[in-house]
Amino acid sequence: MSTAMPFAADTTLLSEVTAAVKTAGLTLRDRHTSHARGVSLDEVVAEIHANDDAVLDVLREPLLRARPGSQWAEDELAGGALPLGEWWVVDPAEGNINHVHGMDDWAVTATLVRDNRSVVTVVHLPLAGDTYTAVAGGGARLNDRPLKVSAKTDLGAALIGTGQARPGEDERTFRRIGDSVTAMLVNGLVVRVSVPATMQLIHVAAGRMDAFWQFSDVRSGLVAGALLVSEAGGTVTDLAGEPWNTGSRDFLAAAPGIHTAALKVLSPIA
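Let me begin by describing the structure that accompanies this report. Everything numeric in this text was worked out from a predicted model, so none of it was measured. (Residues numbered from 1 in each chain as written. Predicted model: local features only at pLDDT ≥ 70, side-chain atom pairs only at ≥ 80, totals over all residues. Heavy atoms only, no water.)

## Overview of the sheet that holds strand S3 (residues 107-114)
To keep things clear, this is the line we draw: Pairing between strands requires that DSSP locate at least two bridges from one strand to the other. Where helices and strands are cited, they refer to DSSP runs of H or I of at least four residues and of E of at least two residues respectively, numbered from the N terminus. Residue contacts follow a heavy-atom distance rule, with two residues in contact if any of their heavy atoms lie within 4.5 Å. Where helices are involved, their axes are fitted lines through C-alpha atoms of the stretch in contact, as for all axes, and angles between N-to-C directions lie from 0 to 180°.
Spatially, the seven strands line up as an open sheet ordered S1-S2-S3-S4-S5-S6-S7, and their pairing is mixed. What marks the edges here is a single partner per strand, and that holds for strand S1 (71-72) and strand S7 (145-146). Here two bridges tie strand S6 (residues 140-142) to S7, and the two strands are oriented antiparallel to one another. By the bridge assignment for S7, Leu142 is matched with Arg145. Of the strands in this sheet, strand S2 (86-94), S3, strand S4 (117-125) and strand S5 (130-135) are in contact with helix H1 (residues 7-31), which crosses S4 at around 35°.

And the structure:
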């Protein structure tokens with residue numbers, strides 16, 4: 001199978017992916033409660049796994065069928081480059097920890113990654129009914145409206161964000177997060193620290209936030225937002241300033257007018 005599928009075919013694929021993700025979103029919406037579920041760590045983890053299993057039962061086969069020959073990236077918390085070819089990188093409950101605690105900021109995401117670059121993505125927010133989509137070379141949209149990143153040029157006026165990528169990161173990573181938040185509090189306007197990454201990256205793509213960074217290579221939290229931000233006119237790199245892909249160790253997505261300034265603050269910490 002060729003890995004050079006033309007843009008027109010990716011655009012056609014988008015409608016199938018959108019339908020599959022929206023259907024899966026109904027399953028996750030039906031599982032949502034306004035109260036927290038689980039008290040002990042074991043109970044919380046069981047709720048998280050139950051959400052994942054329920055959504056994957058609905059989502060996996062339609063996506064694999066939509067793109068014959070594509071493969072499935074099994075571990076949603078895995079990082080690093082994938083083998084060449086086409087892979088579905090999916091988070092059946094992006095923001096799962098929020099979902100099981102009765103909060104509203106969670107989504108279902110599905111991204112087709114071709115040779116370690118995102119080419120088609122759908123992020124669906126079932127409670128709001130909003131769907132963010134992008135095709136490489138075709139722009140990014142919220143429902144039927146084109147997205148455009150912020151026009152800000154002053155980091156001192158920027159709303160920026162970061163967050164923890166996975167439970168149990170090493171202490172060095174936690175200290176870098178803390179140091180980088182401090183540095184951005186000094187240099188930016190306001191810093192948001194929250195999870196999941198995708199729920200901040202959709203705001204960067206829509207121009208509501210100005211930048212997001214993370215010391216992580218967890219693919220499932222970054223591939224959708226990376227494509228949405230870049231297709232909305234943003235700049236997406238690692239913290240050395242090189243173009244980001246799934247093999248990158250860290251991540252920065254920003255409005256072009258503040259990307260260089262954000263990189264200058266973060267790169268010494270990285």
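## Description of the layout of surface pockets
Rule in force here: Computed over the protein atoms alone on a 1 Å grid, cavities are sets of points where a 1.4 Å probe fits but cannot get out and pockets are open sets with protein on both sides within 12 Å along at least five of seven lines; a residue lines them when it has an atom within 4 Å of a point. Grid points are joined across faces, edges and corners, and a volume is the space filled by probe spheres set on the points. Under the scheme applied, nonpolar residues are Ala, Val, Leu, Ile, Met, Phe, Trp, Tyr, Cys and Pro; charged residues are Asp, Glu, Lys and Arg; polar residues are all the others, including Gly.
Space inside the largest pocket adds up to approximately 790 Å³. Taken together, 34 residues form the lining of the largest pocket, with Glu76, Leu77, Asn96, Ala165 and Pro167 sitting closest to its centre. At the level of elements, helix H2 (41-66), S2 and helix H3 (96-100) are the ones that each hand at least two residues to the lining of the largest pocket. Considering every element that reaches the lining of the largest pocket, the biggest residue donor is H2, with nine residues. Classifying every residue of the lining of the largest pocket gives 18 nonpolar, seven polar and nine charged.

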